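Residues per chain are reported as follows:
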Amino acid sequence: MADETQEAGGVHFPFPFSPYAIQKDFMAALYQVLEAGKIGIFESPTGTGKSLSLICGALSWLRDFEQKKRQEEERLLEAGAPSSSDGVAPALGPPSSCRGSPGTPEATGEPDWITQFVQKKEERDLVDRLKEEQVRRKKREERLQQIRHNAKLRFAAKRMRQEDEETERLLRLSSEMLAAGTEPEQAASGEEELVLAEYESDEEKGVPSGVDMDEDDLDEEHVTKIYYCSRTHSQLAQFVHEVQKSPFGQDTRLVSLGSRQNLCVNGDVRKLGSVQLINDRCVEMQRSKHERKSITEEEEPTRRRRRQEPRATCPFYSHERLQLLRDEVLAGVKDVEQLVALGKEARACPYYGGRFAIPAAQLVVLPYQMLLHAPTRQAAGIRLQGQVVVIDEAHNLIDTITNIHSMEVRGSQLCQAHSQLLQYTERYRKRLKAKNLMYIKQLLYLLEKFVAVLGGNIKQNPNTQNLSQAGTELKTINDFLFQSEIDNINLFKVRRYCEKSKISRKLLGFTERYGAVLVPSMEQPKLSGFQDFLQSLQPGATAAPATPAEAGEDLSPRPASPLMRVEGFLEALTTANQDGRVILSRQGSLSQSSLKFLLLNPAVHFAQVVKECRAVIIAGGTMQPVSDFREQLLAGAGVEADRVVEFSCGHVIPPDHILPLIICSGPSNQMLDFTYQKRGLPQMMDETGRILCNLCNVVPGGVVCFFPSYEYQHQVCAHWEKSGLLARLTIRKRIFQEPKKANRVEQVLLEYSRCIKHCGQARGTETGALLLSVVGGKMSEGINFSDDLGRCVVMVGMPYPNIMSPELQEKMAYLDQTLPRAPGQARPGKALVENLCMKAVNQSIGRAIRHQKDFASIVLLDQRYASPAIQAKLPAWIRDRVEVKATFGPAFAALRKFHREKAGLS
Ligand code: SF4
């Protein structure tokens, strides 16, 4: 890969080719933000090489940072070397960040000799630490060099026959165990594993909470690094490929993180399918391993007495192999797929191999949820203190944080959890200690009350229970607790109990074992239709949404335990107070009704990230309007305004390659007003059709037309069909409609692009295709309408969100109460609605221009776009060129001229 080292702002940026001016500006601005420890909001339109600018800018900064650190270390070591032996260190001092801190001896007013003694000791410790660090770094570099030069032999030497036999044996054992649906120990000892251990709360034990008992002899110090996160796995893979192709591709220590569902290489565990089952099985196996290790000689006879067989451990979790895999991961840049292949080859777990590579990695690539959800972050071994975080594709960051921390539990899940728990207690009542029984009773009570507050009865089948009241009610957390009559229960303790006792995991094991065979013994006579319902308790039959920790796994099967949902709901209730609401949604039957925790202030969960990190970059193709990020997210998270830096770069295309127009009236002078009240008028729909007919006459190739909703799109199409306008449109363009079903999208797009290609070659009266899409639908994000696929993008009206939705109303009221109103500006709640609308518009219209030679016209139909306040929310590269056309004639003339001139370019 060519390396064209570029200089911008006095910094050398290696780059694979000569960068555009905007890429140089991007890298220089990024470097400054990282160096100064700020929060940057970076906007760079798609097609401008944003990923490459991010990679080369951030890794150049890291390169210089590491170099400076090493120089400083050497200076300190040189100055401090004699002091280790003779105790004199004239030039040595603590790092600049520590100087003069209140805790230093000078500040404490101690006698001189104590101050000197303490200072010398600190200096010696520092020198020793630096030396240790140097040795560790040198060793690691040597290991990685060896691996890089010795790729073919890397595992051969280590793969001893004995180990392989052991692997086979363990695999067989785990396979047999899974096939039997039970663990050998359970079969032999009568369900030891399912019974809750004696429980003591932390206060009773007097130990600090949150201690991770996980393995950690592979742990080492975390070097300064960049955490890069994005929305989907394919975006992450694309980013890794860009790193591979960049000048940093050879020697950057990069690790790609993912869930067990993506990374597990134990076929028997993998085939369990659901995220939750895979996680549970894996954790269970690791626990077995630790327990086996920690069984003392005194315990051994007891164990034998209980006739316990060794439980299965995962053969891919071997210390030595994980160490090797960790080094392999660090030795060359790999995406998740390559990591899995390597794990299979090395017979070591890529999930844990990746985790163990985090401390020494320079670049960690991970999905949003792993970074933005504190418990997931902690569980993955991510430490943000002093690190750099880059959040890419961040235009929906506020919504993403809100969704990760919101939790919905349906009536059917409440009933399932209750029924399972009841059956579990019945079976093990005699073996459960009093504390367990007490907390289980409280859980049962909570479930009963949650169902009651929805208007249902926990003892009846939720599928056949029709609720008398229907509708949505929104409550503060306190009001919800009172109304449910659970304000006397300490939810914090219950939640802690769930966490520590792992009750949902036990319950999952219990239902896996017994499936639908059990019926609650106490309630049998009253349970009409309960058998049917119990069918849904079978593992796999439950359709609960993904837990927040795993919500990033697109299309992931859902976890099997309803109690886990309830735990999530309790967690949400106990982590927010003023910032949360509970939505009681009563819809027909109890099954379909739900309790939903709604997070109103995502900033509380972002605060820790911005507080701990050295610098945070929030980047995207279209970040406008940025006021949401500044006010809702950053100011709310306690970030001072002067720590925030905004950077917005233009597009790589020449200015005359786009023609953005705001059109206020149509060919028959009908004012374009697509407000909810007016958009359904026949004259509005007719005028829209006439505009499209005119556009289709002058625009070659593809025209993509966005409507604010599916309903409106259907209404308009039905009207055009009746009026004959649809037939007129089809003379020039074949019409395609966005399908509602996701699995049809690819097919429609394929046919759309085939049609455009065919028309381009045939040169008949049909000049291309018209795609009728929906804002926020399946084609407004992630799909590129480059070149002929999108020569014109039309936006019909303004896609305001449904202002009648109770959730949005509550959020607006919350913002009005909590955010200050800037002079001359709309109320924060109203600004939110406008911003949501314009974000959706910007996403949709950003689909058309994808590279430097691309060109397209962008047509915004609605006189409301002419407002300067609305125009200010367009991306800079459109805003600077947009023209407002009060009448259709001049707009049409400009469009015809633009497309005639550009015809020669395509
Ligand atoms: S240790 Fe790794 S390979 Fe083994 S079950 Fe867990 S995730 Fe799968």
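Residues numbered from 1 in each chain as written. Predicted model: local features only at pLDDT ≥ 70, side-chain atom pairs only at ≥ 80, totals over all residues. Heavy atoms only, no water.

Let us now look at the overall build of the protein chain. Check the secondary structure of the protein chain and you find 36 helices and 20 strands. Counting over 906 residues, the protein chain shows a buried share of 54%. In the protein chain, once contacts between residues fewer than 6 apart in sequence are set aside, the share between residues at least 24 apart is 80%. When the accessible area of the protein chain is evaluated, it comes to approximately 40,100 Å², of which 50% is carbon and sulfur surface. (Helix = DSSP H or I, 4+ residues; strand = E, 2+ residues; numbered from the N terminus. Buried < 20%, exposed > 50% of the residue type's maximum accessible area, 1.4 Å probe, protein only. Contact = heavy atoms within 4.5 Å. Areas by Shrake-Rupley, 256 points an atom, 1.4 Å probe, with all protein chains shown as cover.)

This part takes up the packing of aromatic side chains. Considering all chains together, one arrives at 23 aromatic pairs under this definition. Sitting over the ring of Tyr 712, Arg 679 keeps its end group 4.7 Å from the ring centre. Positioned over the ring face of Tyr 710 is Lys 740, at 5.2 Å from the centre of the ring. (Phe/Tyr/Trp six-rings, centres within 6.5 Å; stacked < 30°, edge-to-face > 60°. Lys NZ or Arg CZ within 6 Å of the ring centre and 35° of its normal.)

The subject of this paragraph is the site of the ligand. Near the ligand you find Arg 260, Cys 264, Val 265, Asn 266, Val 269, Cys 282, Gln 286, Cys 314, Phe 316, Cys 349 and Tyr 352, and these make up its full shell. Residues belonging to the shell around the ligand are distributed by class as follows: eight nonpolar, two polar and one charged. (Near = heavy atom within 4 Å. Nonpolar A, V, L, I, M, F, W, Y, C, P; charged D, E, K, R; others polar.)

Attention now goes to the sheet that holds strand E16 (residues 733-737). The seven strands lie next to each other as E16-E17-E15-E18-E19-E14-E20, forming an open sheet whose pairing is parallel. At either end of the open sheet lies a strand with only one pairing partner, and these are E16 and strand E20 (883-885). For this sheet the average axis-to-axis angle between neighbouring strands, irrespective of direction, equals 20 degrees. Looking at chain direction, E16 and strand E17 (residues 768-774) are connected through five bridges and run parallel. By the bridge assignment for E17, Lys 733 is matched with Gly 768. (Pairing = 2+ DSSP bridges. Axes fitted to C-alpha atoms, helices over the stretch in contact; angles between N-to-C directions.)

Covered by surrounding structure in strand E7 (residues 388-391) are Val 388 and Val 390 together with Val 389 and Ile 391, the residues of both alternating faces. Where strand E4 (residues 226-230) meets E7, four bridges bridge the pair, whose relative direction is parallel. Along E7, the bridge assignment pairs Cys 229 with Ile 391. Note that E7 and strand E12 (residues 615-620) share four bridges and pair parallel. Bridging from a neighbouring strand, Val 390 pairs with Ile 617 of E12.

Within the largest apolar cluster, 67 residues are counted, with the highest numbers of intra-cluster contacts made by Ile 391, Leu 397, Phe 606 and Val 616. In this structure, Ile 391 is in contact with Cys 229, Tyr 368, Leu 372, Leu 397, Phe 606, Val 616, Ile 617, Ile 618 and Ala 619, ignoring residues within four places of it in sequence. Listed in part, the 48 residues of the second largest apolar core include Leu 444, Ile 477, Leu 491 and Ala 572. (Core = buried A, V, L, I, M, F, W, Y, C linked by side-chain atoms within 4.5 Å.)

What follows deals with unusual backbone geometry. Outside of glycine, negative phi angles account for most residues, and trans bonds account for most peptide bonds. Between Gln 624 and Pro 625 the backbone carries a cis peptide bond, its omega angle lying at -10 degrees. With respect to the helices and strands, the residue Pro 625 is situated in the loop between E12 and helix H27 (627-635). Its identity is not glycine, yet Arg 347 carries a phi of approximately 55 degrees, on the positive side. Mapped onto the elements, Arg 347 comes out in the loop between helix H14 (336-346) and helix H15 (350-357). Residue Glu 485 is not a glycine yet carries a positive backbone phi of 60 degrees.

Another aspect to go through is the sheet that holds strand E9 (residues 471-476). Strand pairing in a sheet takes place through backbone hydrogen bonds and is either antiparallel or parallel in direction. Reading across from one edge, E8-E11-E10-E9 is the order of the four strands in this open sheet, with antiparallel pairing throughout. Two strands in the sheet have a free side with no partner beyond their single neighbour: strand E8 (407-410) and E9. Strand-to-strand twist of the sheet, defined as the mean angle between neighbouring strand axes without regard to direction, takes the value 20 degrees. As paired elements, strand E10 (residues 580-586) and strand E11 (residues 594-599) share six bridges and run antiparallel to each other. Looking at E11, one finds that Leu 584 is bridged to Leu 595. Strands in contact with helix H20 (residues 434-454) are E10 and E11; relative to E10, the strand with the most contacts, it is inclined by about 65 degrees. Sheet strands in contact with helix H25 (residues 562-575) are E8, E10 and E11, and its direction is about 135 degrees off that of E8.

Now for the pattern of salt bridges. In a structure, side chains of opposite charge can pair up when their charged atoms sit close to one another. Applying the stated criterion to the full structure yields 30 salt bridges. Across the salt bridge formed by Asp 788 and Arg 791, the nearest N and O atoms sit 3.0 Å from each other. Asp 788 sits in the partly exposed class, given a relative accessible area of 32%. Each of Lys 50, Asp 392 and Glu 393 takes part in salt bridges that share partners, so that together they form one network. (Salt bridge = Lys/Arg side-chain N within 4 Å of Asp/Glu carboxyl O.)

On average, the protein chain scores 81 in pLDDT, and the residues at 70 or more come to 79%. Segment residues 516-559: pLDDT under 50, and 101 contacts once partners within four positions in sequence are set aside and those in other chains are kept. (pLDDT = per-residue confidence, 0-100.)

Attention shifts here to H20. Because the α-helix completes a turn every 3.6 residues, residues three or four places apart line up on one side. For H20, built from 21 residues, the straight-helix expectation of 30 Å at 1.5 Å per residue is met to within 8% by its first-to-last C-alpha distance of 31 Å. Restricting attention to buried positions, one finds in H20 the residues Asn 436, Tyr 439, Ile 440, Leu 443, Leu 444, Leu 446, Leu 447, Lys 449, Phe 450, Val 451, Val 453 and Leu 454. (Expected span 1.5 Å × (residues − 1).)

Look at helix H28 (residues 682-698) against helix H29 (residues 710-723): their axes get within 10 Å of each other, and the N-to-C directions meet at 80 degrees. The orientation of H28 relative to H29 falls into the category roughly perpendicular. Residues Pro 682, Met 685, Asp 686, Thr 688, Gly 689 and Leu 692 of H28 pack against Tyr 712, Gln 715, Val 716, His 719, Trp 720 and Ser 723 of H29. The class makeup of the residues in the contact of H28 with H29 is six nonpolar, five polar and one charged. (Parallel < 35°, antiparallel > 145°, perpendicular 65-115°, else oblique.)

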